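# Descriptive structure summary
Residue strings, one per chain:
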Amino acid sequence: MTHIKHWQDPVNAALGAALALSPWVVDFSANIVATTNAVVIGVALIAAAIGAMLVPQAWEEWTEALLGLWMILSPWLLGYSHHIGASLVGLLVGTAVIMLSLWTVATDKKFSLPRSMLP
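This is a predicted model, so every value here is computed, not measured. (Residues numbered from 1 in each chain as written. Predicted model: local features only at pLDDT ≥ 70, side-chain atom pairs only at ≥ 80, totals over all residues. Heavy atoms only, no water.)

Our focus in this paragraph is the overall build of the chain. The number of helices and strands found in the chain is four helices and zero strands. Mapped in sequence order, the helices and strands of the chain form the string α-α-α-α. Across the 119 residues that make up the chain, the buried fraction comes to 44%. Contacts in the chain between residues at least 24 apart in sequence constitute 65% of all its contacts with a sequence separation of at least 6. Of the roughly 6900 Å² of accessible surface on the chain, a fraction of 75% belongs to carbon and sulfur atoms. (Helix = DSSP H or I, 4+ residues; strand = E, 2+ residues; numbered from the N terminus. Buried < 20%, exposed > 50% of the residue type's maximum accessible area, 1.4 Å probe, protein only. Contact = heavy atoms within 4.5 Å. Areas by Shrake-Rupley, 256 points an atom, 1.4 Å probe, with all protein chains shown as cover.)

Structure, rendered in structure tokens:
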């Protein structure tokens, strides 16, 4: 069995699953744009988190962080910010994903920049 290097990655995978299911749990499945966004980004988050669990790389953490940022901004960019449930899910999941991903990058010495690259 593979040892998981960062506990944050399974949590991000679980957040991705929750995001993908959220249209039916929070009841915004009638909004096709919000539902499609939640499902697609949720599946992408699961895939990135699984990749990070199997072969930990910094770019996977940054990908997860970007997906989180997209979830925070998407209600306004895609025009469903009037739906409080969908917007709140995006804000909460996006914020949690960003925090966990940045925590992983900040605490893993393998992911830090070499001192020669720092100013």
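With that settled, consider unusual backbone geometry. Non-glycine residue Asp27 carries a positive phi angle of around 70°. Along the chain, the position of Asp27 falls in the loop between helix 1 (8-25) and helix 2 (32-54). A relative accessible area of 59% places Asp27 in the exposed class.

On to helix 3 (residues 58-77). Between its terminal C-alpha atoms helix 3 stretches 27 Å, which fits the 28 Å expected from 20 residues at 1.5 Å a residue. The sharpest bend along helix 3 measures roughly 35° and falls at Met71, with the proline Pro75 sitting one to four residues further on. Here helix 3 has its buried residues at Glu60, Glu61, Glu64, Ala65, Leu67, Gly68, Met71, Ile72, Ser74 and Pro75. Among the structural elements, helix 1, helix 2 and helix 4 (84-107) are those in contact with the buried residues of helix 3. Once helix 3 ends, the next one or two residues include Gly79, with phi positive near 85°. (Expected span 1.5 Å × (residues − 1). Bend = angle between axes of the 7 residues up to and from the residue.)

Purely spatial values, then, with no claim about function.
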